[in-house]
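Observations on chain architecture
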Amino acid sequence: MYKKILVPMALDHGISAETLEIARSLMAEGGSITALHVHEVPQGAVSAYLSDDVVRAGYEHVRNVLEKKTAGLEDVTAVLLRGHTAQTIVEYARDHDIDCVVIGSHKPGLSDFFLGSTAARVVRHCPCAVHVQRSRD
């Protein structure tokens, strides 16, 4: 059983409820769950075509979706950060002494074998236990 569990949430994948339930089943008495979403800000040439208002609106939309997905979950604290997804998850786990990460993953495709999915990167670099929940798709 784990005291501090991190549940990275891709808000558009529909697996959040499953990963949160798994986290609850792995949580020790008195433990805590952090639901983390990493908002990747558009980089490079793409950012040149987006106004600050559009970027800000996108961030606010993500914040609202995260709040809705975690509303009423007394044992879950929602955190929204900006950055590179896998790197930010690993850094958050390390900096906050997380015991276990419960992360959802899609069925890997050919590109994942060359580039690696977010879940695969977290498994390789995270300093704690990682539970990967495959989506049923």
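First, a word on what this report is: a plain description of the structure on this page. No experiment lies behind these values; they were computed from the predicted model shown. (Residues numbered from 1 in each chain as written. Predicted model: local features only at pLDDT ≥ 70, side-chain atom pairs only at ≥ 80, totals over all residues. Heavy atoms only, no water.)

1. With respect to the sheet that holds strand β5 (residues 129-134)
Strand pairing in a sheet is mediated by backbone hydrogen bonds. Such pairs are either parallel or antiparallel. Read across the sheet, five strands follow the order β3-β2-β1-β4-β5 without closing on themselves; strand pairing throughout is parallel. Every interior strand has two partners, whereas the edge strands, β3 (76-82) and β5, have only one. When strand polarity is set aside, the average angle formed by the axes of neighbouring strands in this sheet is 25°. In the sheet, strand β4 (residues 100-105) pairs with β5 via six bridges, with the strands oriented parallel. If you follow Gly104 over to β5, its bridge partner there is Gln133. Strands β1 (2-8), β2 (27-39), β3 and β4 of the sheet are contacted by helix α4 (residues 85-95), whose axis makes an angle of about 150° with β2. Sitting on the sheet, helix α6 (residues 118-125) is in contact with β4 and β5, with an inclination near 155° to β4. (Pairing = 2+ DSSP bridges. Helix = DSSP H or I, 4+ residues; strand = E, 2+ residues; numbered from the N terminus. Axes fitted to C-alpha atoms, helices over the stretch in contact; angles between N-to-C directions. Contact = heavy atoms within 4.5 Å.)

2. Section: the nonpolar core
Among the nonpolar cores identified, the biggest contains 17 residues, and Ile5, Val7, Met9, Leu20, Ala23, Ile33 and Val102 are the most heavily contacted of them. Elements represented by at least two residues in this core include exactly β1, α1 (16-26), β2, α3 (52-70), β3 and β4. When sequence neighbours within four positions are dropped, the list of residues in contact with Ile33 reads Ile5, Val7, Leu20, Ala23, Arg24, Met27, Asp75, Val76 and Thr77. Judged by nonpolar contacts, the second largest core, of 16 residues, contains Ala86, Tyr92, Ala93 and Ala119. (Core = buried A, V, L, I, M, F, W, Y, C linked by side-chain atoms within 4.5 Å. Buried < 20%, exposed > 50% of the residue type's maximum accessible area, 1.4 Å probe, protein only.)

3. Here we look at the side chain of His37
Residue position: His37 is located in strand β2. Aside from chain neighbours lying at most four places away, what touches His37 is Met9, Ala10, Leu11, Val62, Leu66, Val79, Leu80 and Leu81.

4. A short note on the pattern of salt bridges
Scanning the entire structure with this criterion turns up six salt bridges. Linking Glu60 and Arg63 is a salt bridge whose minimum nitrogen-to-oxygen distance equals 2.3 Å. A residue pair is termed a helical-turn pair when its members lie 3 or 4 positions apart in one helix, as Glu60 and Arg63 do in helix α3 at three residues. Given the relative accessible area of 31%, Glu60 is considered partly exposed. With its nearest N and O atoms 3.8 Å apart, the salt bridge here joins Asp95 to Arg94. Classification of Asp95 by relative accessible area gives exposed; the value is 55%. Via salt bridges that share partners, Glu21, Arg24 and Asp75 belong to a single interconnected network. (Salt bridge = Lys/Arg side-chain N within 4 Å of Asp/Glu carboxyl O.)

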